[in-house]
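Chain by chain, the residues run as shown.
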Amino acid sequence: FLPRTVYTSGKSSSAAGLTASVVRDSDTGEFCVEAGALMLADNGICCIDEFDKMDISDQVAIHEAMEQQTISITKAGIQATLNAR
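Note that the coordinates shown come from a computational prediction; the quantities given were computed from them, not determined experimentally. (Residues numbered from 1 in each chain as written. Predicted model: local features only at pLDDT ≥ 70, side-chain atom pairs only at ≥ 80, totals over all residues. Heavy atoms only, no water.)

Visitor: Is there a simple way to think about the pattern of salt bridges in this case?
Guide: Pairing is possible between side chains that carry opposite charge, provided their charged atoms lie close to one another. Applying the stated rule across the entire model yields two salt bridges. Ionic pairing is found between arginine 85 and aspartate 42, a salt bridge with its closest N-O pair at 2.9 Å. Separated by 43 residues along the polypeptide, arginine 85 in the segment after β6 (78-83) and aspartate 42 in the loop between α2 (37-40) and β4 (45-49) bring together distant segments of the chain. Judged by its relative accessible area of 43%, arginine 85 is partly exposed. (Salt bridge = Lys/Arg side-chain N within 4 Å of Asp/Glu carboxyl O. Helix = DSSP H or I, 4+ residues; strand = E, 2+ residues; numbered from the N terminus. Buried < 20%, exposed > 50% of the residue type's maximum accessible area, 1.4 Å probe, protein only.)

Here it is as structure tokens:
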């Protein structure tokens, strides 16, 4: 049995790509949450290469996920707290 794993490069990653973003569905026109790398790796392993080369604002955005193991998002009328264990 292998755990769920996600690999990403910190240099080319954004805060939304690592956590979660809100996008408009092209079929229905409604807003929905799109999972980022930390959310996709829930109950698994997320490897972020070149963490030292990330923008400071992107590093700050993932502090909640590292400290509290959750991702909070409040955009476009959506309020959600998602697991990032």
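Let's pick the thread back up.
Visitor: Any chance you could explain the environment of lysine 53 here in plain terms?
Guide: Looking at the secondary structure, you find lysine 53 in the loop between β4 and α3 (56-61). Residue lysine 53 is classed as partly exposed on the basis of its relative accessible area, which comes to 47%.

Visitor: Got a minute to help me understand the pairing of strand β2 (residues 20-24) in this structure?
Guide: As a general feature of sheets, a regular strand has side chains that alternate between the two faces. When β2 meets strand β3 (residues 31-35), the two strands line up antiparallel, connected through five bridges. Each residue of the ladder has a partner; that of valine 22, found in β3, is valine 33. Where β2 folds back on β3, the antiparallel hairpin that results is connected by six residues, among which glycine 29 adopts a positive phi of roughly 80 degrees. (Pairing = 2+ DSSP bridges.)

Visitor: Would you mind going over unusual backbone geometry with me for this structure?
Guide: Outside of glycine, negative phi angles account for most residues, and trans bonds account for most peptide bonds. For asparagine 43, which is not glycine, the phi torsion reads 65 degrees and is therefore positive. Residue classification places asparagine 43 among the exposed residues on the basis of a relative accessible area of 56%.

Visitor: Is there a simple way to think about the nonpolar core in this case?
Guide: Considering soluble globular proteins, one finds that nonpolar side chains tend to be buried as a cluster. Residues Leu38 and Ile71 are the most contacted members of the largest nonpolar core, which totals 16 residues. Of all the elements in the fold, those that place two or more residues in this core are β2, α2, β5 (70-75) and β6. Not counting the four nearest positions on each side in its chain, leucine 38 is found in contact with Leu18, Thr19, Cys46, Ile62, Ala65, Ile71 and Ala84. (Core = buried A, V, L, I, M, F, W, Y, C linked by side-chain atoms within 4.5 Å. Contact = heavy atoms within 4.5 Å.)

Visitor: Hey, could you run me through the environment of asparagine 83 in this one?
Guide: By the element assignment, asparagine 83 lies in strand β6. As for asparagine 83 and serine 9, which are separated by 74 residues in sequence, their C-alpha atoms are 21 Å apart. The residues contacting asparagine 83, other than those within four sequence positions of it, are Met39, Asp42, Gln69 and Thr70.

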